[in-house]
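Observations on the three-dimensional arrangement
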Amino acid sequence: MSIRIRIALCCAAVALVACSMPKERQGNTGPEQTSLDVSTAPPETVVGSRPPATMLAAAQPVTGILVAPYAKTTTTALWEQLRQDFRLPDSDNERVRIQRNWYAGHPQYMKRVTERAQRYAWHIYQELKRRKMPAEIALLPIVESAYDPFAYSHGRAAGLWQFIPATGKRFGLKQNWWYDGRRDVVDSTRAALDYLQHLHKRFDGDWLLALAAYNSGEGTVSKAQRLNRRKGKPDSFWDLKLPKETRAYVPKLIALKQLVASPDTFGIELQHIPNEPYFEIVKTHAQVDLAVAADLAGIELDTLYRLNPGFNQWATDPKGPHRLLIPFDQADNFRQAITALPPEERVRWTRHKIRQGETLSHIAKRYHITVAALKSANDLGNSSIRAGQYLMVPQSSEDKAHYTLSAQQRLQRTRNHERKGYKSEHIVDSGDTFWDLARHYQVNVRKLASWNGMAPGDTLRVGQKLVVWTSQASSNSVHPGAQVRPIHYTVRRGDSLARISSRFKVTISELRRWNGLPKSDFLKPGQRLKLYVDVTQQTGT
């Protein structure tokens, strides 16, 4: 009997049981993308960018997230409930008005972000209420990520709350090939509220200073306060000389508070969010293929990914967290179905016999997983393997393209997105950086990284393929469909820049720029030159 038939029979046999437990993104429509669209951001900011902050000395422990039923309320709309619990000091200065006017002037943006918030805002609000924190903080993911859990900024910040890698690790957010806790709705919310509470205490109960420090780092805010005190000036948020982004950050949140408090006044449409849980947190107890889990729950796979964006691949992390967020109405059915599912049907495994000369790297590449994942699946303490041994390799139940919101598929969609200009492909060479390549192709470094679903500070791998979009005038060697690879050429007797440029179909000016050569045409035999050549244009060179 096939897995799908068994799943269907299992789900059909489940009785409905009433349960009560808890409930996305950037200003774009359509499928979630891997980077923030800065052009849709309010003024005086770069969305999602945050310099590394001074963190607590030790990582915050990951709390056991098993959410108990929340208190019943009579309020039917979440926005109404939020208004009742707003606590931040209000202000109507010019900085707030600039941000409020921007949001009010972009009603479609507000409509989209509040649509995304429908999945996550109720849960965030309940956690704020548990901690007795201001309800306005439920609006902070609009400022940070436009309520997009897949958002990734040029500053390497990810998720609803835009944690950079180091900050995420400090607050116990696990990050590996299988799973990124910075995008996990439950874990990242816990970490963000932990950090904000720490900052609230650090700045003597001043929420505006705490929020400013969340954006720019507590050291930045403390330094600005000390500077004002030495000059005999006030040290409140509104009086501090802070980075441009941070000066706009707090006003954005206050502006959003004012819009939510009185949307009709400003002509804003807030998508209705019921004051009830959107999802339940259901234990899975072990690794499970996400396509199998979606079938068990009776929901689309994309729906499962949007509730569980922390999972990068086609399955949950074999080492946990062993839980999934499931839409409230399907949660009880799923709980019973996952419990009844035989272990061998959770994840499909391939038994691979190691051949002579094979390494873990060879095998991992063949099956599209990492060496670390392969070692973990086989409890290997090192990379030593022998021909004739067998390895168990986890495999998806469906074709990889079926998992449309996995990290790999999102990256592929970003790379394949059509843009203006001419598309070419660059193969990364040793020593390449985004900054060097941007200068070489005469493009913006942030755009170059964004075209490839990365940030300028991310590490490039030798052999990695990058998409490059250029205008026709930016490089004579770039044309539609080009495949640009770096090569190293040793100058021979009789060579000149003209001869080399003609041979490899590049320009003399490019040769000079790539190698820092002076205006003279003098080359020495044995001299090494670096060239970026289009292999589709080379004929027996």
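Residues numbered from 1 in each chain as written. Predicted model: local features only at pLDDT ≥ 70, side-chain atom pairs only at ≥ 80, totals over all residues. Heavy atoms only, no water.

**Quick look at the overall build of the protein chain**
Here is the rule: Helical segments are the DSSP runs of H or I of at least four residues, strand segments are the runs of E of at least two, and each set is numbered from the N terminus. Only protein chains enter the area calculation, which uses a 1.4 Å probe; residues under 20% of their type maximum are buried, those over 50% are exposed, and those in between are partly exposed.
When helices and strands are counted, the protein chain shows 21 helices and eight strands. The buried share of the protein chain, taken over its 541 residues, is 53%.

**Brief notes about the confidence of the model for the protein chain**
Let me state the cut-off plainly: What pLDDT reports is the predictor's confidence in each residue, on a scale of 0 through 100. We call two residues in contact when some of their heavy atoms are within 4.5 Å.
Per-residue confidence for the protein chain averages 84 on the pLDDT scale, and 83% of its residues sit at or above 70. Overall, residues 1-39 carries pLDDT values under 50, and its contacts beyond four positions in sequence, including any with other chains, amount to 127 contacts.

**Some details on the packing of helix H12 (residues 290-297) against helix H14 (residues 328-340)**
Note the threshold: Working convention: axes come from line fits to C-alpha atoms, limited for helices to the stretch in contact. Angles between N-to-C directions cover 0 to 180 degrees. Our angle categories are set so that under 35 degrees counts as roughly parallel, over 145 as roughly antiparallel, 65 to 115 as roughly perpendicular, and the remainder as oblique. By the convention adopted, Pro, Cys, Tyr, Trp, Phe, Met, Ile, Leu, Val and Ala count as nonpolar, Lys, Arg, Asp and Glu as charged, and the other residues, Gly among them, as polar.
Running from N to C, H12 and H14 point in directions that differ by 120°, and their axes come no closer than 8 Å. Considering the angle they form, H12 stands oblique to H14. Note on element contacts: H14 touches H12 through Gln330, Phe334, Ala337 and Ile338, opposite Ala293, Leu296 and Ala297. Class assignment of the residues belonging to the contact of H12 with H14 gives a composition of six nonpolar, one polar and no charged.

**Overview of a positive patch on the surface**
Threshold: Residues forming no salt bridge and having over 30% relative accessible area are the ones grouped into patches, like charges within 9 Å of each other and nonpolar side chains (Val, Leu, Ile, Met, Phe, Trp, Tyr) within 5 Å. A 1.4 Å probe and the Shrake-Rupley method give the accessible areas. Residues count as covered only by the protein chains that appear here. Any carboxyl oxygen of Asp or Glu that lies within 4 Å of a side-chain nitrogen of Lys or Arg is treated as forming a salt bridge with it. His is not counted here, nor are the chain ends, while Lys and Arg score as positive and Asp and Glu score as negative. For charged residues, the charge sits on one atom: NZ in Lys, CZ in Arg, CG in Asp, CD in Glu.
A contiguous patch of positive charge on the surface is contributed by Lys223, Arg226, Arg230, Lys231, Lys233 and Lys241. By the element assignment, arginine 226 lies in helix H9 (residues 218-230).

**Focus: the pattern of salt bridges**
Counted by the stated rule, this structure contains 19 salt bridges. Among the ionic pairs, glutamate 136 bridges to lysine 257, the shortest N-O distance being 3.2 Å. You can see glutamate 136 sitting in the loop between helix H4 (107-131) and helix H5 (140-145) and its partner lysine 257 sitting in helix H10 (residues 244-261), a full 121 residues away along the chain. Among the residues examined, glutamate 136 registers a relative accessible area of 0% and is labelled buried. Notably, a salt bridge pairs lysine 174 with aspartate 317, separated by 3.0 Å at the nearest N-O pair. Placement of the pair is lysine 174 in the loop between helix H6 (165-170) and helix H7 (185-202) and aspartate 317 in the loop between helix H13 (301-307) and strand E2 (323-327), with a sequence separation of 143 residues. Judged by its relative accessible area of 32%, lysine 174 is partly exposed. Members of the salt-bridge network, linked through shared partners, are Arg131, Arg190 and Asp194.

**Some remarks on H9**
Rules: Given a helix with a known number of residues, its expected span is that number minus one, times 1.5 Å. This arc describes the spread of directions from the helix axis toward the C-beta atoms.
Counted at 1.5 Å a residue, the expected span for H9 with its 13 residues is 18 Å, and the 18 Å between its end C-alpha atoms agrees. Here H9 has its buried residues at Glu218, Val221, Ser222, Ala224, Gln225 and Asn228. One side of H9 holds all its buried residues, which, seen down the axis, span an arc of 160°. Opposite its buried face, H9 presents the exposed residues Lys223 and Arg230, each directed more than 90 degrees away.

**Concerning the packing of aromatic side chains**
Defined as follows: Only Phe, Tyr and Trp rings are paired, with Trp represented by its six-membered ring, and only when their centres lie within 6.5 Å; those with planes under 30 degrees apart are stacked, over 60 edge-to-face, the remainder tilted. Distance and angle both matter: a charge sits over a ring if NZ of Lys or CZ of Arg is within 6 Å of the ring centre and within 35 degrees of the ring normal.
Overall, the coordinates contain 11 aromatic pairs when judged by the stated rule. A centroid spacing of 5.2 Å and a plane angle of 80° characterise the contact between tryptophan 102 and tyrosine 109, whose relative ring orientation is edge-to-face. We classify tyrosine 109 as buried; its relative accessible area is 6%. The structure contains a cluster of three or more aromatic residues connected by ring pairs, namely Phe163, Phe171, Tyr195 and Tyr214. Taking NZ or CZ as reference, arginine 202 lies 4.8 Å from the ring centre of phenylalanine 203, over its face. A cation sits over an aromatic face here: arginine 351 above tyrosine 390, 3.7 Å from the ring centre.

**Things to note about H14**
In an α-helix there are 3.6 residues to a turn, and that puts residues three or four apart on one side. Rules: Throughout, the bend at a residue refers to the angle made by two axes, fitted to the seven residues ending there and to the seven starting there.
At phenylalanine 334, H14 shows its largest bend, some 30°. Buried residues of H14: Ala331, Asp332, Phe334, Ala337 and Ile338, and no others.

**Thoughts on unusual backbone geometry**
The peptide bond linking glycine 320 to proline 321 adopts the cis configuration, its omega dihedral lying at 15°. Structurally, proline 321 can be placed in the loop between H13 and E2. Residues other than glycine seldom take positive phi values, yet tyrosine 147 does so here, at roughly 60°. Examined against the element boundaries, tyrosine 147 turns out to sit in the loop between H5 and H6. A residue is classified by how much of its surface remains accessible, and tyrosine 147, at 1% relative accessible area, is buried. Positive phi is not limited to glycine here, since aspartate 379 has a value of about 50°. The class of aspartate 379 is exposed, set by a relative accessible area of 71%.

**A few points about the pairing of E2**
Put simply, the rule reads: In this scheme, strands are said to pair when DSSP sees at least two bridges between them.
Burial analysis of E2 places five of its five residues in the buried class, which makes it a mostly covered element. Covered by surrounding structure in E2 are Arg323, Leu325 and Pro327 together with Leu324 and Ile326, the residues of both alternating faces. When strand E1 (residues 279-283) meets E2, the two strands line up antiparallel, connected through five bridges. Its bridge partner lying in E2, lysine 283 is registered against arginine 323.

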